[in-house]
Amino acid sequence: MVTLRPYWMTADNLIFHYQGCSRRAHIGEGGQTSLFRLAESREARPLSRRAEHVGAGAGGAWQLSVVGGCCGMSGLTLLCAVAALLLAAGGAIPRPEEAARMARFVLHNCDWGALATLSAQEGLRGHPFANIFSLSDGPPGPFGGSGVPYLYLTDMEISVQDLEINSNASLTVSLAQTPYCKKHKYDPQNPLCAHIIFCGSIVKVNDSEADLAKKALFSRHPEMEGWPKDHNWFFAKFNITNIWVLDYFGGLKIVTPEEYYSVKP
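All of these numbers come straight from a predicted model, not from anything done at the bench. (Residues numbered from 1 in each chain as written. Predicted model: local features only at pLDDT ≥ 70, side-chain atom pairs only at ≥ 80, totals over all residues. Heavy atoms only, no water.)

### Things to note about the overall build of the protein
Broken down by element type, the protein carries six helices and 14 strands. The 265 residues of the protein split such that 47% are buried. Here the contacts in the protein between residues at least 6 apart in sequence split such that 64% fall between residues at least 24 apart. Accessible surface computed for the protein: about 13500 Å², of which carbon and sulfur atoms make up 53%. (Helix = DSSP H or I, 4+ residues; strand = E, 2+ residues; numbered from the N terminus. Buried < 20%, exposed > 50% of the residue type's maximum accessible area, 1.4 Å probe, protein only. Contact = heavy atoms within 4.5 Å. Areas by Shrake-Rupley, 256 points an atom, 1.4 Å probe, with all protein chains shown as cover.)

Following this line, the structure appears as structure tokens:
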């Protein structure tokens with residue numbers, strides 16, 4: 001088993017660190033993930049591997065899970081682990097003109113966000129109240145994102161008590177929680193350290209959606225499964241009505257929910 005931690009995906013490369021050295025793996029045209037063995041002879045051979053996420057967000061480490069084939073061969077363990085990283089990490093960060101894709105990309109690569117409610121607490125009634133919540137729009141990997149922010153909540157939580165009075169809220173997620181901004185030395189307030197602001201409401205998911213929410217959340221936050229049962233946890237989602245994207249200079253970009261859900265992350 002080999003564990004690698006990627007720095008980030010650029011337009012056509014995955015930069016990662018292994019045994020004290022920075023290394024590079026190529027990604028195919030159009031930002032699409034291509035799995036290739038980069039042999040010393042520069043020969044490229046397709047690989048097929050599965051990766052297991054063992055870290056947080058886009059900056060988490062990934063472990064190679066062997067399905068069979070080349071990783072059992074001497075000298076190819078690292079190369080296969082690179083292939084698994086490529087498969088798991090997905091495409092490169094979207095360009096600034098792809099605001100809807102950027103919104104989907106940032107959400108999918110974030111494991112938590114700041115949820116702001118209107119406080120119902122005595123002495124704070126009507127004031128904004130921001131709190132941190134774990135979230136997930138689907139299992140990690142390039143094909144796991146639905147774009148729907150799912151949450152695991154209990155009415156014992158102070159912000160949930162606010163939501164019981166007024167379900168309207170805003171949710172902010174930022175690449176500041178990934179290695180991308182640190183690698184480029186971007187301050188979290190720098191527009192190039194992309195962040196997304198969602199406005200909408202929190203609603204409980206129905207029975208038909210509960211399994212999807214459970215898979216999305218527990219795949220990223222396995223600790224949740226062991227949280228106290230007597231806290232009456234329930235699955236909820238952020239029902240998006242407005243989206244603002246800040247990922248470049250020149251101000252916020254407005255994305256409609258229709259645009260957001262119609263693009264591939």
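### Overview of the state of the cysteines
Enumeration according to the criterion identifies one disulfide in this entry. The side chain of Cys 181 participates in a disulfide bridge whose partner is Cys 193; the two sulfur atoms lie 2.0 Å from each other. Taking the sign of the torsion about the S-S bond as the criterion, the disulfide between Cys 181 and Cys 193, at about 100 degrees, is right-handed. You can see Cys 181 sitting in helix 4 (residues 179–183) and its partner Cys 193 sitting in the loop between helix 4 and strand 12 (195–204), a full twelve residues away along the chain. Judged on exposure class, the residue Cys 181 and its partner Cys 193 are both buried. A disulfide-free cysteine, Cys 110 has its sulfur positioned 9.2 Å from the sulfur of Cys 193, the nearest such atom. Residue classification places Cys 110 among the buried residues on the basis of a relative accessible area of 0%. (Disulfide = S-S within 2.5 Å.)

### Here we look at helix 2 (residues 99–108)
Extensive coverage of helix 2 is indicated by the burial of nine of its ten residues. Those residues of helix 2 lying buried are Ala 99, Ala 100, Met 102, Ala 103, Arg 104, Phe 105, Val 106, Leu 107 and His 108.

### Some words on the nonpolar core
Side chains of a nonpolar character, in soluble globular proteins, are inclined to be buried together. Among the nonpolar cores identified, the biggest contains 35 residues, and Val 106, Ile 196, Phe 198, Ile 202 and Ile 243 are the most heavily contacted of them. Of all the secondary structure elements, the ones that give two or more residues to this core are helix 2, strand 10 (150–153), helix 3 (158–165), strand 11 (168–174), helix 4, strand 12 and strand 13 (234–246). If you tally residues by element for this core, the top one is helix 2, at seven residues. The residues touching Ile 196, leaving out its near neighbours within four places in the chain, are Met 102, Ala 103, Val 106, Leu 171, Thr 172, Val 173, Ile 243, Trp 244 and Val 245. Grouped together as the second largest cluster of nonpolar side chains are ten residues, Tyr 150, Tyr 152, Ala 213 and Leu 217 included. (Core = buried A, V, L, I, M, F, W, Y, C linked by side-chain atoms within 4.5 Å.)

### Overview of the side chain of Ser 119
Examined against the element boundaries, Ser 119 turns out to sit in the loop between strand 8 (112–118) and strand 9 (128–134). Among residues more than four places away in sequence, those in contact with Ser 119 are Leu 124, Arg 125, Gly 126, His 127, Phe 129 and Asp 162.

### Here we look at the confidence of the model for the protein
With 66% of its residues at a pLDDT of at least 70, the protein reaches an overall mean of 77. Residue range residues 1–77 is modelled with pLDDT below 50. Its contacts to residues more than four positions away, or to other chains, number 189 contacts. Counting interchain partners and residues more than four positions distant, the pLDDT-below-50 stretch residues 79–90 has 47 contacts. (pLDDT = per-residue confidence, 0-100.)

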